[in-house]
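Residue-level structure breakdown
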Amino acid sequence: MPAVILVSLKLIFVAFIYLFVWQIGKAISAHIGTGQPGARTRRGAGLTVIRSETQKGMGVDVRQPIVLGRSGQADVLVDDAFASDFHVRLVNEAGNLSLFDLGSTNGTYVNGKRVTAPLKLNKGDAVQIGKTVLEVT
């Protein structure tokens, strides 16, 4: 085989390896939430509080990873005595909302079922944190 063809094949192979490594890094970054919010213009998914003693009607826009909980240090304060200080983490991945329970004491429920692993949310899903219920919009 001529040397030019062999060199070309080597360069193509190296390019595929770099592309593969880049995709792995991008996937890991998206999974752990270290991607730069706002780097791309994305429509944020959100939630609306539909049942709460003090926060009914409040909207939560999720454009970047956020934590909901009873602590003043949480990104979104949930005014509910049955919520944990840091109850759930919500991540928007290309317009798809994912929920991660953060080891809450009373658990997190989606559509009446307890969340035991990370879960993709769909529009209309009911998320219960303590006695507070939020709907995915």
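Residues numbered from 1 in each chain as written. Predicted model: local features only at pLDDT ≥ 70, side-chain atom pairs only at ≥ 80, totals over all residues. Heavy atoms only, no water.

Right, let's talk about the environment of Ser84 for a bit. The residue Ser84 is located in the loop between strand S4 (76–77) and strand S5 (88–93) in this model. Ser84 sits in the buried class, given a relative accessible area of 13%. In sequence terms Ser84 and Ile12 are 72 residues apart; their C-alpha atoms lie 52 Å from each other. Setting aside residues no more than four positions away along its own chain, Ser84 makes contact with Gly69, Arg70, Ser104 and Thr105. Of the polar contacts made by the side chain of Ser84, one reaches the backbone nitrogen of Thr105; its length is 3.0 Å. (Helix = DSSP H or I, 4+ residues; strand = E, 2+ residues; numbered from the N terminus. Buried < 20%, exposed > 50% of the residue type's maximum accessible area, 1.4 Å probe, protein only. Contact = heavy atoms within 4.5 Å. Polar contact = N/O pair within 3.5 Å; in protein donor to acceptor, adjacent residues only side chain to side chain.)

Before going further, it helps to spend a moment on the nonpolar core. Core analysis: the biggest nonpolar cluster contains 21 residues, and Leu47, Leu68, Leu90, Leu99, Leu121, Val127 and Ile129 have the highest contact counts within it. Element by element, the count of residues in this core is highest for strand S1 (residues 45–51), at three residues. If near-sequence neighbours (up to four positions away) are discounted, Leu47 is found in contact with Met58, Gly59, Val60, Val62, Leu90, Leu97, Val127, Leu134, Glu135, Val136 and Thr137. (Core = buried A, V, L, I, M, F, W, Y, C linked by side-chain atoms within 4.5 Å.)

The pairing of S5 with strand S6 (residues 96–101) spans six bridges and is classified as antiparallel. What sits directly across from Val91, in S6, is Ser98. If you look at the hairpin formed by S5 and S6, you'll find two residues sitting between the two strands, and Ala94 has a positive phi there, around 55°. Here three bridges tie S6 to strand S9 (residues 119–121), and the two strands are oriented antiparallel to one another. (Pairing = 2+ DSSP bridges.)

All right, on to the sheet that holds S5 then. The strand order across the open sheet formed by five strands is S4-S3-S5-S6-S9, and the pairing between neighbours is mixed. What marks the edges here is a single partner per strand, and that holds for S4 and S9. The pairing of strand S3 (residues 66–69) with S5 spans three bridges and is classified as antiparallel. Counterpart to Val67 in the pairing with S5 is Arg89.

So, on to the sheet that holds strand S2 (residues 59–62). As summarised here, the arrangement of the six strands in space is S2-S1-S11-S10-S7-S8, forming an open sheet in which the pairing is antiparallel. The open sheet is flanked by S2 and strand S8 (113–114), the only strands paired with a single partner. Note that strand S7 (residues 108–110) and S8 share two bridges and pair antiparallel. For Val110, the partnering residue across the bridge sits in S8 and is Lys113.

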